[in-house]
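The primary structure of each chain is shown beneath.
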Amino acid sequence: MSTSPLDIETPDIGTTHIETKNWLMIIINCAFVAIGQVAGPLLMRLYYLHGGNRKWLASFTQSGGFPVLVFPIIFLFIQSKLSTRKNDEIPLSFWLEPKLFLSSAVIGILSGVGYFMYSLGLSYIPVSTSSLLYATQLCFIAFFSRLIVKQKFTAYIINAIVVMTLGSALLGINTDVDRPVGVSKAQYLLGFLLTLGTAMLAGLLMPLVQLAFSKAIRNINYASLLQFQFISSLFATTVCVIGMLVNKDFQAIPREANEFELGKAKYYIIIVVRAVICQFSVVGTIGVIVYASALFNGILASALVPVTGVAAVIFYHESFTGLKGTALVLCLWGFCSYFYGEYKMMKKMMKNKVTNIESPEETIDKVEHEPRRLDNHEEP
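So, a few notes on the structure that sits alongside this text. Please read all numbers here as calculations on a predicted model, not as lab measurements.

Thresholds, definitions, all that
- Residues numbered from 1 in each chain as written.
- Predicted model: local features only at pLDDT ≥ 70, side-chain atom pairs only at ≥ 80, totals over all residues.
- Heavy atoms only, no water.
- Helix = DSSP H or I, 4+ residues; strand = E, 2+ residues; numbered from the N terminus.
- Axes fitted to C-alpha atoms, helices over the stretch in contact; angles between N-to-C directions.
- Parallel < 35°, antiparallel > 145°, perpendicular 65-115°, else oblique.
- Left-handed = near helix turned anticlockwise from the far one by under 90°.
- Contact = heavy atoms within 4.5 Å.
- Nonpolar A, V, L, I, M, F, W, Y, C, P; charged D, E, K, R; others polar.
- Buried < 20%, exposed > 50% of the residue type's maximum accessible area, 1.4 Å probe, protein only.
- Arc of directions from axis to C-beta.
- Phe/Tyr/Trp six-rings, centres within 6.5 Å; stacked < 30°, edge-to-face > 60°.
- Salt bridge = Lys/Arg side-chain N within 4 Å of Asp/Glu carboxyl O.
- Core = buried A, V, L, I, M, F, W, Y, C linked by side-chain atoms within 4.5 Å.
- Polar contact = N/O pair within 3.5 Å; in protein donor to acceptor, adjacent residues only side chain to side chain.

What follows is about the environment of Leu330. For Leu330, the location among the structural elements is in helix α15 (residues 322-355). On a C-alpha basis, the gap between Leu330 and Leu166 in space is 7.7 Å, while along the polypeptide they are 164 residues apart.

Moving on to the packing of helix α4 (residues 98-122) against helix α10 (residues 222-246). Here α4 crosses α10 at 40°, and the two axes come no closer than 7 Å. Comparing the axis directions of α4 and α10 gives the class oblique. By crossing handedness, the relation of α4 to α10 is classed as right-handed. The segment α4 lies against α10, with Leu100, Phe101, Ser103, Ser104, Ala105, Ile107, Gly108, Ile109, Ser111, Gly112, Val113 and Tyr115 engaging Phe228, Ile231, Ser232, Phe235, Ala236, Val239 and Cys240. For the contact of α4 with α10, a count of residues per class yields 13 nonpolar, six polar and no charged.

Along helix α11 (residues 249-259), the residues classified as buried are Asp249, Ala252, Ile253, Glu256 and Ala257. Down the axis of α11, the buried set is contained in an arc of 140°. They therefore lie on one face. Exposed positions of α11 whose direction lies more than 90 degrees from the buried face are Gln251 and Asn258. Considering only its buried residues, α11 is in contact with α1 (23-49), α2 (55-60), α10 and α12 (264-291).

The tally for this structure, following the rule as stated, stands at eleven aromatic pairs. Ring geometry for Phe32 and Phe280: centres 5.6 Å apart, planes at 55°, overall tilted. Here Phe280 lies in helix α12 and Phe32 lies in helix α1, a separation of 248 residues in the sequence. In this structure Phe32 comes out as partly exposed when scored by relative accessible area, which is 26%. Taking the relative accessible area as the measure of exposure, Phe280 reaches 32% and is therefore partly exposed. Centre to centre, the rings of Phe143 and Phe144 are 5.2 Å apart; their planes meet at 70°, and the pair counts as edge-to-face.

One pass over the structure, following the stated rule, counts one salt bridge. Between Asp249 and Arg54 there is a salt bridge, with its nearest N and O atoms 2.7 Å apart. Taken together, the residues span a long stretch of sequence, with Asp249 in helix α11 and Arg54 in the loop between α1 and α2 at a distance of 195 residues. The pair formed by Asp249 and Arg54 is uniform in burial state, with each residue classed as buried.

Moving on, we get to the nonpolar core. Judged by nonpolar contacts, the single largest core of 57 residues is most densely connected at Leu100, Phe213, Leu225, Leu226 and Phe228. For Phe228, the residues in contact, after removing those within four places along its chain, are Leu96, Leu100, Ser103, Ser104, Ile107, Val209, Ala212, Phe213 and Ile286. Within the second largest apolar cluster, 23 residues are counted, among which are Trp56, Met244, Phe260 and Tyr267.

By the element assignment, Gln210 lies in helix α9 (residues 185-214). From its side chain, Gln210 meets the backbone nitrogen of Ala294 in a polar contact 2.9 Å long.

Now the structure itself:
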């Protein structure tokens, strides 16, 4: 571990459990995720409800706020330079290494596709339904984490996967009750499948982010995280801009703003505010992955589902059917099962730490399943 420009100890990427010294960064990034996951869908739905209809523009707002990251990156760069001069040490390279740059570019392109899928899906289904569907990313994160970063499965994780998958399947039943006015049954089904596909893609990308950082040669700090997100959002935005050009969104935006039911000024305010909120939300997502794990981030997303659903009912008076309530209960059951399993595992680890006893089987299993973390001087 090394000290970042923020004087916060950097994480050992790929570890299964959370270290106490990383809790400050985890709490900060969890707050970013919570704000984005609750406010982001509500603002997008507000855009659609009052006359907005540009799917690529809605996708653009999910990544187009990346220029705001320039300011914290510059601040950390200056702080790093001043710290280096004060300590009279050989400075480590501040900028992102080529391997991480390439990984962020690929993840950004895939994210751009996912943003469009999510935006199109949300235009056909209610926010509460979309949030519950998107919570199934936990299942996909668990599956891909096992394949990509060798995440260990426990009975509690398996239970969470099963009940949350069942919960999402219930949302596909009796679509006539939950379908918004003016949306056909075919469109509702398309929105259902697109949102589920977005959850699957997110479930793949999050373990890939964790893997990318675990293979980094240099030590990781918060500046690395922000640069990774800046590049990823740049490529995701490029995908969205290409889609907007093909769909002629730039010519349609002034006309749509003039016809927006809440007024032209609020039209642009919604777009700008959502872009900024979504950017910090994604930064928080990567932060949670880096300082904890992809699976922990999936659990956090699932934990926020009830908050988003309740907010949608309060602000947009969306119906909360019995099937949707059952799905919500299953969702709550799923992530409670995971947290209880993590609690028992951490309690066991603390007991082993106190007694300083570790069986040969546990040692072999740890070596086989924990991704290899290189230090600054080891060859990749």
